[in-house]
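The lines below spell out each chain.
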Amino acid sequence: MKVAFFSSKPYDELFFRKENEKYNFELEFFETSLNSQVVNALVDETAICVFVNDIVDRNVIEILANKGIKIIALRCAGFNNVDLEAAKEYGIKVCRVPAYSPEAVAEHTLAMLLTLNRKTHKAYNRVREQNFSLNGLLGFNINKKTVGVVGTGKIGKAFINLIKGFGCEILAYDLFPDKELENSGVNYVDLDKLFKESDIISLHCPLTPENKYLINKSTISEMKDGVTIINTSRGGLINTVDAIEALKEHKIGYLGIDVYEQEEKLFFKDLSAEIIQDDTIQRLMSFPNVLVTAHQAFFTQEALEQISEITLRSISDLAKNGKTEKIEML
Ligand code: NAI
């Protein structure tokens, strides 16, 4: 069986080729992202494997179906980039990797927070320039702060378990509160209360049509002055233009983002010799109190091993039985 990978990077090839020793599939790795032109290059593949910024819309799905593709495997958790309804209509099975080291993303979230609150991103450069002054590096303690966590699934829960160790009060919001967290002292509240009372807000819910721009001019105005916001979930949860305004007004004190609403044009690429046309990200990166990482929260050895293992097992199960044993189908 032939499987074509899109948006492939050397590390994908490394981990998937190793895992494929168990399956002996014919793997093809395309650096390019999937779109309605590229999809025409497919010949006799059974499955395609895509990542977060590959657009798998109705148009692409129609072509995939005509090419005989039976399986779309997402090597990620989020699936907002796939038209599931169209896939169903065309009889293409879609699977994802619902959980792969939620701790990887939770730990990166914490790393972003601990960078911003102690300004280590500034200190690192300063000391390298032999500037040992502390002026401008004044931080704040995480201890005793109120942390609002939106979305308490696998990653939100893992983050809560980490941040609890700092002696914080946790406010949480989820459509389906987690009993275990509730019993452990996490206080589920409505979003308004979470926005109003949190010193630090961390987003861990999926992006859906209902929560697009969850963080916007109006919700930001409810928040505490100087609030810290961390988003390792999906870029579309934050209205970036509104966030920039709030940063200029010192309403947002610190912003850490591992995801960005226009990231598909930028992230995972080396653009260091290019002129970036996206003025919004450039403005964002000009703030000293903003930390941007390029969708790397998942990027640990452990997570890549699990992603390749689960993806190839799902493809194998789906090809053999039309369903997966343990893996969630979409
Ligand atoms: P999960 O499915 O375990 O948990 C998501 C939680 O969000 C669930 O408890 C669900 O009830 C809740 N939820 C859904 N809609 C909501 C809403 N409108 N408001 C509040 N809560 C809502 O997912 P998991 O594994 O925790 O991942 C969360 C998100 O993290 C993913 O959807 C993905 O967007 C992002 N992610 C980012 C990565 C990165 O590298 N930056 C890597 C992996 C995931």
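Everything quoted here is computed from the prediction, not taken from an experiment. (Residues numbered from 1 in each chain as written. Predicted model: local features only at pLDDT ≥ 70, side-chain atom pairs only at ≥ 80, totals over all residues. Heavy atoms only, no water.)

**A few points about the overall build of the protein chain**
No. 1: Broken down by element type, the protein chain carries 12 helices and 12 strands.
No. 2: What you see for the protein chain is a C-alpha radius of gyration of 21 Å, in line with the 20 Å of a compact globule of 330 residues.
No. 3: If one aligns the C-alpha atoms of the protein chain with their principal axes, the spans along those axes are about 60 × 50 × 35 Å.
No. 4: Taking all 330 residues of the protein chain together, the buried fraction comes to 52%.
No. 5: A separation of at least 24 residues holds for 66% of the contacts in the protein chain among residues at least 6 apart in sequence.
No. 6: Carbon and sulfur atoms make up 50% of the accessible area of the protein chain, which amounts to about 16400 Å² in all.
No. 7: The average position of the 38 basic charges and that of the 47 acidic charges among the side chains of the protein chain differ by 3 Å. (Helix = DSSP H or I, 4+ residues; strand = E, 2+ residues; numbered from the N terminus. Rg over C-alpha atoms; globule rule 2.2 N^0.38 Å. Buried < 20%, exposed > 50% of the residue type's maximum accessible area, 1.4 Å probe, protein only. Contact = heavy atoms within 4.5 Å. Areas by Shrake-Rupley, 256 points an atom, 1.4 Å probe, with all protein chains shown as cover. Lys, Arg positive; Asp, Glu negative; His and termini not counted. Charge placed at Lys NZ, Arg CZ, Asp CG, Glu CD.)

**Here's the deal with the site of the ligand**
No. 1: Surrounding the ligand, one finds 23 residues, the nearest of these being Lys154, Ile155, Asp174, Thr232 and Asp258.
No. 2: Asn211 is positioned with one of its side-chain polar atoms (N or O) 3.3 Å from a nitrogen atom of the ligand.
No. 3: Its residues placed into classes, the shell around the ligand shows 11 nonpolar, eight polar and four charged. (Near = heavy atom within 4 Å. Polar contact = N/O pair within 3.5 Å; in protein donor to acceptor, adjacent residues only side chain to side chain. Nonpolar A, V, L, I, M, F, W, Y, C, P; charged D, E, K, R; others polar.)

**Here's the deal with the layout of surface pockets**
No. 1: The volume enclosed by the second largest pocket comes to roughly 280 Å³.
No. 2: If you go around the second largest pocket, you meet 17 residues; those closest to its centre are Ser7, Ser33, Asn53, Glu264 and Lys269. (1 Å grid on protein atoms, 1.4 Å probe; cavity = no way out; pocket = protein on both sides within 12 Å on 5 of 7 lines; lining within 4 Å. Points joined across faces, edges and corners; volume = space filled by probe spheres on them.)

**What about the environment of Glu107?**
No. 1: For Glu107, the location among the structural elements is in helix α4 (residues 102–118).
No. 2: Sequence separation between Glu107 and Met285 is 178 residues, and the spatial gap between their C-alpha atoms is 22 Å.

**Looking at the sheet that holds strand β9 (residues 200–203)**
No. 1: Strand order in the open sheet made by the seven strands is β8-β7-β6-β9-β10-β11-β12, with parallel pairing throughout. The strands lining the two open edges of the sheet, one partner per strand, are β8 (187–188) and β12 (290–292).
No. 2: Two elements, strand β11 (residues 252–257) and β12, share three bridges in a ladder whose sense is parallel. What sits directly across from Ile257, in β12, is Val292. (Pairing = 2+ DSSP bridges.)

**Some points on the packing of aromatic side chains**
No. 1: Tallying each qualifying case throughout the model produces nine aromatic pairs.
No. 2: Pairing Phe6 with Phe30 gives two aromatic rings, centres 5.4 Å apart and planes at 25°, and the pair type is stacked. Note that Phe6 is positioned in the loop between β1 (2–5) and α1 (10–19) and Phe30 in the loop between β2 (26–29) and β3 (47–50), a separation of 24 residues in sequence.
No. 3: A relative accessible area of 26% means that Phe30 is categorised as partly exposed.
No. 4: Ring centres of Phe140 and Tyr254 lie 5.4 Å apart, and the angle between their planes is 50°; on these two criteria the pair is classed as tilted. Here Phe140 is found in the loop between α5 (120–128) and β6 (146–150), whereas its partner Tyr254 is found in strand β11, with 114 residues between them in sequence. Per residue, the accessibility class of Phe140 equals that of Tyr254, and both read buried.
No. 5: Linked through ring pairs, Tyr11, Phe51, Phe268, Phe298 and Phe299 together constitute an aromatic cluster.
No. 6: Just above the ring of Tyr213 sits the side chain of Lys212; from NZ or CZ to the centre is 4.5 Å. (Phe/Tyr/Trp six-rings, centres within 6.5 Å; stacked < 30°, edge-to-face > 60°. Lys NZ or Arg CZ within 6 Å of the ring centre and 35° of its normal.)

**Structural notes on the pattern of salt bridges**
No. 1: Here the structure, examined in full by the defined rule, presents 14 salt bridges.
No. 2: Note that Glu89 and Arg58 form a salt bridge whose closest N and O atoms lie 3.1 Å from each other. Of this pair, Glu89 sits in helix α3 (residues 84–89) while Arg58 is found in helix α2 (residues 58–66), placing the two residues 31 residues apart along the sequence.
No. 3: We note a salt bridge from Lys224 to Asp199, for which the minimum N-O separation is 3.0 Å. Here Lys224, found in the loop between α9 (217–222) and β10 (227–231), pairs with Asp199, found in the loop between α8 (191–197) and β9; they are 25 residues apart in sequence, far enough to count as distant.
No. 4: Using a relative accessible area of 33% as the deciding quantity, one classes Lys224 as partly exposed.
No. 5: One network of salt bridges, in which partners are shared, links Lys2, Glu28 and Asp44. (Salt bridge = Lys/Arg side-chain N within 4 Å of Asp/Glu carboxyl O.)

Distances and angles like these do not, on their own, reveal function.
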